[in-house]
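The primary structure of each chain is shown beneath.
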Amino acid sequence: NPAPFRITTNGGADLTVNALSATLEGDGGINVQSIVVDGVPVPPELTWTGLSRWRMTLSLRPGENDLTLLGLATDGEVSASDSITITSTASFPVPTLLSVDPVEGAAGQTVIIRGADLFAGVEVFFRGVQSPSVQLAPAGHLLVEVPELAAGPAEITARNSGSALSAAIPFALVSQGALFIRGDF
């Protein structure tokens, strides 16, 4: 008799981990061909360890992660589902800022910040003032709006949720009319 689709890690009960990822195992059910987590197809970390047994590693955010796994049949229709809450007691690492492009700009301008350990929800500060808009691009860099500040040096720092502030990188805030545009004479 085939096993139903279910999470078997921790007996299917909610769990707590001190990491930003967790490995789940389960039974696939006879009609399950693929698994989707919260509407997102599971990344390549999904492994079928037997005819109907699976294992996957999922990225987590600090705090509660309410996850719903959907088992999809060959026609793409949901044939089964199971849910679990995984609480991560870990915190994000402190970001490392490597560069900003351009190295000077005016309030309201968007700059590109490259770095490491940048996560969704990262906050960016210019001279201690939080940017009104920060977007984590798919390539892993940040698109950041320069906040309203007086012209002058404006070191940039960043903080992931629950982390300390990063080391600063230099930036110069210029007044709107002082921006050099190629071709100006």
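Residue indices begin from 1 for each chain and proceed along its sequence in written order. Side-chain atom pairs in this predicted model are given and counted only at pLDDT of 80 or more, local residue features only at pLDDT of at least 70, and totals for whole chains, interfaces and linings cover all residues. Think of the side-chain values as coming from all heavy atoms in the structure, minus any hydrogens and water.

Some thoughts on the sheet that holds strand 14 (residues 129-130)
Note the cut-off: Paired strands are those between which DSSP finds at least two bridges. Secondary structure elements are defined from DSSP: runs of H or I of at least 4 residues count as helices, runs of E of at least 2 residues count as strands, and each element is numbered from the N terminus.
Reading across from one edge, 14-13-18 is the order of the three strands in this open sheet, with antiparallel pairing throughout. For this open sheet the edge positions go to strand 14 and strand 18 (156-159), each flanked by a neighbour on one side alone.

Structural notes on the side chain of threonine 85
Let me state the cut-off plainly: Relative accessibility decides the category of a residue: with a 1.4 Å probe and only protein chains considered, values under 20% of the type maximum give buried, values over 50% give exposed, and everything between is partly exposed. Should any heavy atoms of two residues lie within 4.5 Å, those residues are considered in contact.
Summarising the element assignment, threonine 85 is placed in strand 9 (residues 78-88). Taking relative accessible area as the criterion, threonine 85 reaches 15% and is therefore assigned buried. Residues within four places of threonine 85 in sequence aside, it is in contact with Asp14, Leu15, Glu64, Asn65 and Asp66.

Here's the deal with unusual backbone geometry
Of note, the amide linkage connecting aspartate 101 to proline 102 takes the cis form, showing an omega dihedral of -5°. In this model, asparagine 10 sits at a positive phi of 55°, which is unusual for a non-glycine residue. Mapped onto the elements of the fold, asparagine 10 is located in the loop between strand 1 (6-7) and strand 2 (15-17). A positive phi angle, close to 50°, is found at arginine 127, a residue other than glycine. Along the polypeptide, arginine 127 turns up in the loop between strand 13 (123-126) and strand 14. Residue arginine 127 is classed as partly exposed on the basis of its relative accessible area, which comes to 37%.

Thoughts on the pattern of salt bridges
Keep this limit in mind: Salt bridge criterion: a side-chain nitrogen from Lys or Arg within 4 Å of a carboxyl oxygen from Asp or Glu.
Evaluated as defined, the whole model comprises five salt bridges. Between arginine 53 and glutamate 25 there is a salt bridge whose closest N-O contact spans 4.0 Å. One end of the pair, arginine 53, is in strand 7 (residues 53-59); the other, glutamate 25, is in strand 3 (residues 21-27), with 28 residues separating them in the sequence. Arginine 53 serves as the salt-bridge partner of aspartate 27, at 2.7 Å between the closest nitrogen and oxygen. Residue aspartate 27 is located in strand 3, and its partner arginine 53 is located in strand 7; the two are separated by 26 residues in the primary sequence. Overall, arginine 53 belongs to the partly exposed group, its relative accessible area being 31%.

Take it as geometry only, folks, not as evidence of what the structure does.
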